[in-house]
Amino acid sequence: MVSELMKDLSESNILVVDDTEANIDILVESLGDKYELSVALDGETALEIVDESPPDLILLDIMMPEMDGYDVCAALKLNADTRDIPVIFLTAAVNIESKTKGFKLGAVDYITKPFEIREVEARVITHLSLKYAKEKLEAQHHELQNSYDALRVAENARDSLMHMIVHDMRTPLTGIKGSLDVFKILRKEHLDENEAKLLSSAQSGSAKLIEMVSSLLDLNRLESGQMPLDIIESDMVATIQEAIKIVGEPVNDVNLIFNPTEAVLPGKYDKDIVRRIVTNLMSNAIKFSEANDDINIDIRRDEDKIVFSIKDSGPGIPAELHEKIFEKFGQAEIKKEHRGYSSGIGLAFCKLAVEAHGGEIRVESEVGKGSCFIFNLPEAN
């Protein structure tokens, strides 16, 4: 590693600027067999050399006639093509004012005259190494940015394709659900118990698919900011009661417990969207509950907000997954590990929908101790 670094440094070009030829001779003698050197006896010549062939580092005398080192450094830093060239000042001045002035102009270091050549060599190696490390880091950053941009293009293409496919699925699914509903109405009296169960299962499955399709479409609209919210004053108690009716009699025969302390709790929100949020959270709680388990639903005031919570006694969620379960594709990653803590993309929809209202959603959960999902909405003034 060291030999590779030294090989790279040996290809460096250093410009030595000093109006005293003796100083030039010392530096050329000590550095000439290690680096490519250019020399200038005054500031104007130095800038001409830099303009023609920018060096990798400049050793710059301060006290020179007509154009001193400070002026040369200032000119270099004003030029976008030369501002990143490291400048090490060579000076007999040791007072703090001189050093401070140089650093303010953009110098990276000072070497005091008469200089010790081993110090010069060490500082040159240090600042060339820092320069190349910075350039490597910038190149890696540029490469990473290009990869990120390419990934975003691929993600956008994927999302567009998914949106198109999902959008085209909704019409036939709605037709299937409608046909099943009509069939049940027409043939209800002629179905035996097993046939009725199969038909109900088909109806439930098609309804679930339609809800998933709608959630995916709305998720994309929320992400792109293309889903306007119909914010009106509504009663949160009534919204929750409507959601309970939509969920209907749970398959698991769990106990949905909702005993609000207030008959009416007004808030400002999109009623349809919030009802879907509540329905999603209820369905999720039911899915991970056992028969006869209690699912407790609660709403309360908290300053200028309405806080909704739903608590189940299911398997619970590890702390490291509390954020991931709300990510759009987080559930896919979790299920690769044969673990599932939600019914799909519903939680991602809930998160974006709550945030679109200016609220927050989170989960409080421990493995083996159930889960409690909580979100808040603005209270009506």
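Residues numbered from 1 in each chain as written. Predicted model: local features only at pLDDT ≥ 70, side-chain atom pairs only at ≥ 80, totals over all residues. Heavy atoms only, no water.

A.B. asks: Before we go on, may I ask you to explain the overall build of the chain in this structure?
C.D. replies: In terms of helices and strands, the chain carries eleven helices and twelve strands. For a compact globule of 381 residues, the expected C-alpha radius of gyration is about 21 Å, and the chain comes in at 35 Å, more than 25% above that figure. In terms of its C-alpha atoms, the chain occupies a principal-axis envelope of roughly 110 × 45 × 40 Å. Across the 381 residues of the chain, 40% fall into the buried class. Put simply, of all contacts in the chain between residues at least 6 apart along the chain, 68% involve residues at least 24 apart. Only carbon and sulfur atoms are counted for the fraction: they give 54% of the accessible area of the chain, which is about 21500 Å². (Helix = DSSP H or I, 4+ residues; strand = E, 2+ residues; numbered from the N terminus. Rg over C-alpha atoms; globule rule 2.2 N^0.38 Å. Buried < 20%, exposed > 50% of the residue type's maximum accessible area, 1.4 Å probe, protein only. Contact = heavy atoms within 4.5 Å. Areas by Shrake-Rupley, 256 points an atom, 1.4 Å probe, with all protein chains shown as cover.)

A.B. asks: Sorry if this is basic, but what is going on with the sheet that holds strand 2 (residues 36-40) here?
C.D. replies: Whether parallel or antiparallel, the strands of a sheet pair through hydrogen bonds between backbone atoms. With parallel pairing, five strands are arranged side by side in an open sheet as 2-1-3-4-5. The sheet is open, and its two borders are formed by strand 2 and strand 5 (109-112), each paired with just one other strand. Across the sheet, the mean angle from the axis of one strand to that of its neighbour is 20°, orientation sign disregarded. Pairing of strand 1 (residues 13-17) with strand 2, which is carried by five bridges, proceeds in the parallel orientation. The partner of Leu15 across the bridge, within strand 2, is Ser38. Running at roughly 175° to strand 2, helix 2 (residues 21-31) makes contact with strand 1, strand 2, strand 3 (57-61) and strand 4 (87-91) of the sheet. The sheet contacts of helix 5 (residues 96-105) involve strand 4 and strand 5, and relative to strand 5 the element is tilted by about 145°. (Pairing = 2+ DSSP bridges. Axes fitted to C-alpha atoms, helices over the stretch in contact; angles between N-to-C directions.)

A.B. asks: Teacher, can you tell me more about the packing of helix 8 (residues 236-247) against helix 9 (residues 271-287) here?
C.D. replies: How two helices sit against one another is set out by the angle between their axes and by the gap between those axes. At a minimum axis separation of 9 Å, helix 8 and helix 9 run at an interaxial angle of 50°. With respect to their mutual orientation, helix 8 and helix 9 come out oblique. The crossing of helix 8 and helix 9 is right-handed. The segment helix 8 lies against helix 9, with Met236, Thr239, Ile240, Glu242, Ala243, Ile244, Ile246 and Val247 engaging Lys271, Val274, Arg275, Val278, Thr279, Met282, Ser283 and Ile286. Class assignment of the residues belonging to the contact of helix 8 with helix 9 gives a composition of ten nonpolar, three polar and three charged. (Parallel < 35°, antiparallel > 145°, perpendicular 65-115°, else oblique. Left-handed = near helix turned anticlockwise from the far one by under 90°. Nonpolar A, V, L, I, M, F, W, Y, C, P; charged D, E, K, R; others polar.)

A.B. asks: Which parts of the structure should I look at to understand the pattern of salt bridges?
C.D. replies: If the charged atoms of two oppositely charged side chains come close together, the side chains can form a pair. For the structure shown, the criterion picks out 19 salt bridges. Lys177 is paired through a salt bridge with Asp181; the nearest N and O atoms lie 2.9 Å apart. You can see Lys177 and its partner Asp181 sitting in helix 6 (residues 117-187), four residues apart, about one turn around the helix. For Asp181, a relative accessible area of 26% puts it in the partly exposed group. (Salt bridge = Lys/Arg side-chain N within 4 Å of Asp/Glu carboxyl O.)

A.B. asks: Before we go on, may I ask you to explain the nonpolar core in this structure?
C.D. replies: For soluble globular proteins, nonpolar side chains are generally found buried alongside one another. Core analysis: the largest hydrophobic core is formed by 41 residues, its most contacted members being Met236, Ile277, Leu281, Phe308, Ile310, Phe373 and Phe375. The element contributing the most residues to this core is helix 9, with eight residues. Phe308 has contacts with Met236, Ile240, Val278, Leu281, Ile297, Asp298, Ile299, Phe373, Ile374 and Phe375, leaving out every residue within four places of it along the chain. Among the nonpolar cores identified, the runner-up in size contains 19 residues, and Ala46, Val50, Cys73 and Ala107 belong to it. (Core = buried A, V, L, I, M, F, W, Y, C linked by side-chain atoms within 4.5 Å.)

A.B. asks: Can you walk me through the pairing of strand 11 (residues 361-365) in this structure?
C.D. replies: The side chains of a regular strand alternate, first on one face of the sheet and then on the other. The alternating pattern of strand 11 places Ile361, Val363 and Ser365 on a buried face, while none of Arg362 and Glu364, on the opposite face, is buried. Strand direction decides the pairing type here: strand 11 and strand 12 (residues 371-378), joined by five bridges, are antiparallel. Residue pairing for strand 12: Glu364 is matched across the bridge by Cys372. As consecutive antiparallel partners, strand 11 and strand 12 are separated by five residues, and within that stretch Gly368 has a phi angle of approximately 85°, a positive value.

A.B. asks: How should I be thinking about the packing of aromatic side chains in this particular structure?
C.D. replies: One pair of aromatic rings is described through two measures. These are the centre distance and the angle between the planes. For the structure on display, the rule yields five aromatic pairs. When the centroid spacing of 5.6 Å and the interplanar angle of 75° are considered together, the rings of Tyr70 and Phe89 count as edge-to-face. Here Phe89 lies in strand 4 and Tyr70 lies in helix 4 (residues 69-78), a separation of 19 residues in the sequence. With 6.1 Å between their ring centres and 75° between their planes, Phe326 and Phe373 make a pair best called edge-to-face. Of this pair, Phe326 sits in the loop between strand 10 (305-312) and helix 10 (330-336) while Phe373 sits in strand 12; the two residues are 47 residues apart in sequence, bridging distant segments of the chain. With respect to burial, Phe326 and Phe373 carry one shared label: buried. Among the aromatic residues, ring-to-ring pairing joins Tyr70, Phe89, Phe103 and Tyr110 into one connected group. Looking at Arg276, its charged tip hangs above the ring of Phe349, at a distance of 4.5 Å from the centre. (Phe/Tyr/Trp six-rings, centres within 6.5 Å; stacked < 30°, edge-to-face > 60°. Lys NZ or Arg CZ within 6 Å of the ring centre and 35° of its normal.)

Treat this as a map of the structure, not an account of what it does.
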